[in-house]
Amino acid sequence: MEKYDKLEKVGEGTYGKVYKAQDKTTGQLVALKKTRLEMDEEGIPPTTLREISLLQMLSQSIYVVRLLRVEHVEKNGKRLLYLVFEYLDTDLKKYIDSYKRAEGQILSRFPSRVIQSFLYQLCKGVDHCHSHGVLHRDLKPQNLLVDKEKGILKVADLGLGRAFTIPLKSYTHEIVTLWYRAPEVLLGSTHYSIGVDMWSVGCIFAEMVRRQPLFAGDSELQQLLHIFRFLGTPDEEKWPGVSSLRDWHDYPQWKPQSMANALPLLEPEGIDLLSKMLEYNPSNRISAKEAMEHPYFDNLDKSQF
Ligand code: ADP
Ligand code: MG
């Protein structure tokens, strides 16, 4: 790791710290991410190798953060792997927060054409993963990196969690956020599909518009109740099979609220797209590819992507 100058800690995520660093020879800025993948006597386990080559393949898209190198490090007799990524200014959470702090001032609006462009790029990145048979499963603003100057958004934090279940606590014992989790996951479905990512995309879309999370639950039950209160309690008619899911109970009955009233800043095409992303039945939920063709994007200059 002598090749790099560690500059500052930029993130403390689910599995460890992420540092901004500079390559001493080329001057390139990179993000160093220590993985929890340890090597054994024989070197890198084959499952790990598979994950890394998948990540390398996916990061060929400009809408997925680029994995530049993998470095092996010996530390206190332990052999660790560092992933070296291209560096981006910020993540979408910090970006949204910067607008929040500016509230009340003239520059406080998150321009709707930026939201449209970010959502389109997010769909591109997600579609890229899905067309390679990979689900992200943890899409949230912290896992989307932003280049403010160029107006680019990229999907990050991909791949390494797939062989494992989504952790409930991070290594600092912080609770992992449930806010972007699809209702079928919260209800204990073991059948994951691309719909789990598209639900998260919908939550992120609404959060860009509102500048605050759409469903901010602090437990799995509270998270479900937030969703039901807004979209109405699902039933067999809206979502065939829902009452056979593992964690289904008799929940309070709510009627759906008007999405347009809840998101007055979003134009009707946007409301329509959002409602298709927040569709209860995962098999009817819009895919990333379909979303990219939605009329909401009609006035976007797609040739720039
Ligand atoms: P974790 O699995 O720990 O959540 P992430 O890859 O999501 O790891 O990184 C944690 C945080 O570090 C991100 O939310 C982001 O703020 C920052 N970060 C990660 N990768 C980069 C990068 N390539 N450039 C800039 N910041 C990054
Ligand atoms: Mg993360």
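Residues numbered from 1 in each chain as written. Chains lettered and ligands numbered in written order. Predicted model: local features only at pLDDT ≥ 70, side-chain atom pairs only at ≥ 80, totals over all residues. Heavy atoms only, no water.

K.L.:
Residues and numbers for the overall build of the chain, please.
P.N.:
Scanning the chain from N- to C-terminus turns up 9 helices and 8 strands. Within the span of the chain, comprising 305 residues, buried residues form 51% of the whole. The long-range share in the chain, meaning contacts at least 24 apart out of those at least 6 apart in sequence, stands at 64%. Surface summary for the chain: the accessible area is close to 15600 Å², and the carbon and sulfur share equals 50%. (Helix = DSSP H or I, 4+ residues; strand = E, 2+ residues; numbered from the N terminus. Buried < 20%, exposed > 50% of the residue type's maximum accessible area, 1.4 Å probe, protein only. Contact = heavy atoms within 4.5 Å. Areas by Shrake-Rupley, 256 points an atom, 1.4 Å probe, with all protein chains shown as cover.)

K.L.:
Requested: an account of the site of ligand 1, with residues and values cited.
P.N.:
Close to ligand 1 lie 20 residues, the nearest being E86, D91, Q142, N143 and D157. At a separation of 2.9 Å, an oxygen atom of ligand 1 approaches a polar side-chain atom of K33. Between ligand 1 and Q142 there is a distance of 2.6 Å, counted from an oxygen atom to a backbone nitrogen or oxygen. Protein contact buries 94% of the 540 Å² of open area that ligand 1 shows by itself. Contributing elements (two or more residues each) for the shell around ligand 1: β1 (4–12), β3 (29–38) and β5 (78–86). Grouping the amino acids of the shell around ligand 1 by side-chain chemistry returns 9 nonpolar, 6 polar and 5 charged. Two domains each donate at least three residues to the shell around ligand 1, and these are domain 1 (4–86) and domain 2 (90–304). (Near = heavy atom within 4 Å. Polar contact = N/O pair within 3.5 Å; in protein donor to acceptor, adjacent residues only side chain to side chain. Nonpolar A, V, L, I, M, F, W, Y, C, P; charged D, E, K, R; others polar. Domains from an automatic or database assignment.)

K.L.:
Go over the nonpolar core, please, and point to the residues and values.
P.N.:
L92, L119, F205 and M277 are the most contacted members of the largest nonpolar core, which totals 81 residues. Considering each element in turn, this core owes the most residues, 10 residues, to helix α5 (residues 195–210). Mapped onto the domain boundaries, this core takes at least three residues apiece from domain 1 (4–86) and domain 2 (90–304). Among residues more than four places away in sequence, those in contact with L119 are V201, F205, M208, L273, M277, Y296 and F297. A21, V30, L32 and V73 belong to the second-largest nonpolar core, a separate cluster that totals 7 residues. (Core = buried A, V, L, I, M, F, W, Y, C linked by side-chain atoms within 4.5 Å.)

K.L.:
Lay out the coordination of the magnesium ion (ligand 2) with the relevant residues and their values.
P.N.:
Six octahedrally arranged donors around a metal ideally form angles of 90 or 180 degrees; four tetrahedrally arranged donors ideally form angles of 109.5 degrees. Protein coordination of the magnesium ion (ligand 2) is provided by N143 (OD1) and D157 (OD), with donor distances spanning 2.1 Å. Taken together, the residues N143 in the loop between α3 (112–131) and β7 (144–147) and D157 in the loop between β8 (152–155) and α4 (183–186) connect sequence positions 14 residues apart. Relative accessible area serves as the criterion here: at 27%, D157 is assigned to the partly exposed category. (Donors = N, O, S within 2.8 Å, 3.2 Å for Na, K, Ca; no water.)

K.L.:
Quick one: what's the story with α3, residue by residue and with numbers?
P.N.:
Across its 20 residues, α3 extends 28 Å between first and last C-alpha, which sits within 8% of the 28 Å expected from 1.5 Å per residue. Within α3, 16 of the 20 residues are buried, which leaves it mostly tucked inside the rest of the structure. Once α3 finishes, G133 follows within two positions and takes phi at roughly 75 degrees, a positive value. (Expected span 1.5 Å × (residues − 1).)

K.L.:
Any details on helix α8 (residues 268–277)? Residues and values, ideally.
P.N.:
All buried positions along α8 are accounted for by G270, I271, L273, L274 and M277. Considered in projection along α8, the buried side chains sweep an arc of 165 degrees and stay on one side of the axis. (Arc of directions from axis to C-beta.)

K.L.:
So what about the environment of V134? Which residues, and what values?
P.N.:
Considering the arrangement of structural elements, one finds V134 in the loop between α3 and β7. Along the sequence, V134 and S193 sit 59 residues apart, while their C-alpha atoms lie 9.7 Å from each other.

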